[in-house]
Amino acid sequence: MTLPDLPLARTTVDADAVSRTSPRLFTDLAADPGTRVLLVQGGLLGTNDEGLALFEVDQLPAAAWQPERLLYLGRAEEMRFLALMLPEDLGYERDLDGVPVTGQASLVELVEGVDLEHLRDIGDRLSDRDAGLGTTAVALTAWHERNPRCPSCGEATEIIDSGWVRRCRAEDSLHYPRTDAAVIMAVTDEQDRILLGHAAHWPAGRFSTLAGYVEPGEPLEEAVAREVAEETNIVVGETRYRGSQPWPFPCSLMMGFHATVKPGSSTQVRVDDEELTDARFFTRGQLLTQVSSGEVLLPMRSSIARALIEEWYGGPIPS
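Now for a quick tour of the structure. All values reported here derive from a predicted model rather than from experimental measurement.

Here we look at the environment of Ala76
Turning to its location among the elements, Ala76 is positioned in strand 5 (residues 70-76). Ala76 sits 45 residues away from Asp121 along the chain, and the two C-alpha atoms are 24 Å apart. Sequence-distant contacts of Ala76, defined by excluding residues within four places in its chain, comprise Thr12, Val13, Phe81 and Arg129.

Pasting the structure below:
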């Protein structure tokens, strides 16, 4: 059994990868009344009361309909979906008549009609379709923002294949979105207490499950054991896979595990004081009491960490 319905692993979207390479795709989408466009700016998504704010093609200004701004996300419910990547610096001033003074005025006006919310905060509240669309849009946008140049020669790259490939203009080499493998684990001891840690850069009181990146040549189970030992000095034995979900901030795939402390080993926690400044075992009663009082802050509900904690707890933890 694996964790059900992880917030950012839900999707009903057919990626329709075979259509990405069609030179007519954007032309066809522009003429298709079933095309819908969502807005993405870094990790932010355009939303309204219904979920993602979706625009018909004729609602978009001409400045939006540029191949270098558009990502093809796939099809669902007899519609096809695009993401419009908005520039991070969409700031502006207004003249005396209230008109935006910027070369991107039409994009500014488009954004003014929606809320821009972070996928971290709204991922668990989106529908299955919108969760899939939003996660893909944020992941691809992060990749494009971080990879404007060829990693081999340093020359500029251009976007092709409807947003899914970048091509070096000098070498004609192709570059694809990357995904970094990461493990995240609920560690429990023989008393069925859960081990949670506080990272150095988190706000006071924030505790979560341990996590870390998989190193080259390393099996997932070994990554779990290594990360737990490095961060807390705890030795784990049995490790069971529980589920995975993308975490596109900017490009991770989080693979969740439940690991148990190796029988007979110490449960004396010793943190490294670099990544973690605190870590401790909690009983269910202790965790509920400290969450209720505000002493402990749990991870957001869109995270796999929250799902792992609540699976151990036995249900949702009020917060």
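Some points on the sheet that holds strand 11 (residues 165-168)
A sheet is described by the order of its strands in space; here three strands give the open sequence 10-11-12, paired in antiparallel fashion. The sheet is open, and its two edges are formed by strand 10 (157-160) and strand 12 (174-175), each paired on a single side. Pairing analysis gives two bridges linking strand 11 to strand 12, with the strands arranged antiparallel. Across the sheet, residue Arg166 finds its bridge partner in strand 12, namely His175.

Details of the pattern of salt bridges
Across all of its chains, the model carries 22 salt bridges by this definition. Among the ionic pairs, Arg75 bridges to Asp16, the shortest N-O distance being 3.4 Å. Placement of the pair is Arg75 in strand 5 and Asp16 in the segment before helix 1 (25-31), with a sequence separation of 59 residues. Of the charged contacts in the structure, one is a salt bridge between Arg129 and Asp130, with a shortest N-O distance of 3.0 Å. Among the residues examined, Arg129 registers a relative accessible area of 14% and is labelled buried.

Section: the layout of surface pockets
In this structure, the largest pocket spans a volume of roughly 850 Å³. Lining the largest pocket are 29 residues, with His201, Trp202, Ala211, Trp247 and Met254 positioned closest to its centre. Secondary-structure elements contributing two or more residues to the lining of the largest pocket are strand 13 (180-188), strand 14 (194-199), strand 15 (210-213), helix 5 (220-232), strand 17 (252-261) and helix 7 (304-313). At four residues, strand 15 tops the list of elements feeding residues into the lining of the largest pocket. The residue inventory of the lining of the largest pocket, partitioned by class, reads 16 nonpolar, eight polar and five charged. By volume, the second largest pocket is sized at about 520 Å³. What lines the second largest pocket is a set of 27 residues, and nearest its centre among them are Thr135, Thr136, Ala139, Trp164 and Pro246. Looking at the lining of the second largest pocket, the elements that each hand over two or more residues are helix 4 (128-146), strand 16 (236-247) and strand 17. Tallying contributions element by element places helix 4 first for the lining of the second largest pocket, with eight residues. Tallied by class, the residues present in the lining of the second largest pocket amount to 18 nonpolar, six polar and three charged.

A word on the packing of helix 6 (residues 284-293) against helix 7
Helix 7 packs onto helix 6 with a crossing angle of 125° between their chain directions and a minimal axis gap of 10 Å. By the angle between their axes, helix 6 is oblique relative to helix 7. Regarding helix 6 and helix 7, the two cross each other, and that crossing is left-handed. Along its contact with helix 6, which presents Arg284, Leu287 and Leu288, the element helix 7 presents Ile309, Trp312 and Tyr313. In terms of residue class, the contact of helix 6 with helix 7 is built from five nonpolar, no polar and one charged.

Structural notes on helix 6
Residues of helix 6 that are buried include every one of Leu287, Gln290 and Val291, and no others. Considered in projection along helix 6, the buried side chains sweep an arc of 100° and stay on one side of the axis. Turned more than 90 degrees off the buried face of helix 6, the exposed positions are Thr289, Ser292 and Ser293. Buried-residue contacts for helix 6 involve strand 14, strand 18 (276-282) and helix 7. Phi for Gly294, located one or two positions after helix 6, is positive at around 90°.

Reading the values: rules and limits
- Residues numbered from 1 in each chain as written.
- Predicted model: local features only at pLDDT ≥ 70, side-chain atom pairs only at ≥ 80, totals over all residues.
- Heavy atoms only, no water.
- Helix = DSSP H or I, 4+ residues; strand = E, 2+ residues; numbered from the N terminus.
- Contact = heavy atoms within 4.5 Å.
- Pairing = 2+ DSSP bridges.
- Salt bridge = Lys/Arg side-chain N within 4 Å of Asp/Glu carboxyl O.
- Buried < 20%, exposed > 50% of the residue type's maximum accessible area, 1.4 Å probe, protein only.
- 1 Å grid on protein atoms, 1.4 Å probe; cavity = no way out; pocket = protein on both sides within 12 Å on 5 of 7 lines; lining within 4 Å.
- Points joined across faces, edges and corners; volume = space filled by probe spheres on them.
- Nonpolar A, V, L, I, M, F, W, Y, C, P; charged D, E, K, R; others polar.
- Axes fitted to C-alpha atoms, helices over the stretch in contact; angles between N-to-C directions.
- Parallel < 35°, antiparallel > 145°, perpendicular 65-115°, else oblique.
- Left-handed = near helix turned anticlockwise from the far one by under 90°.
- Arc of directions from axis to C-beta.

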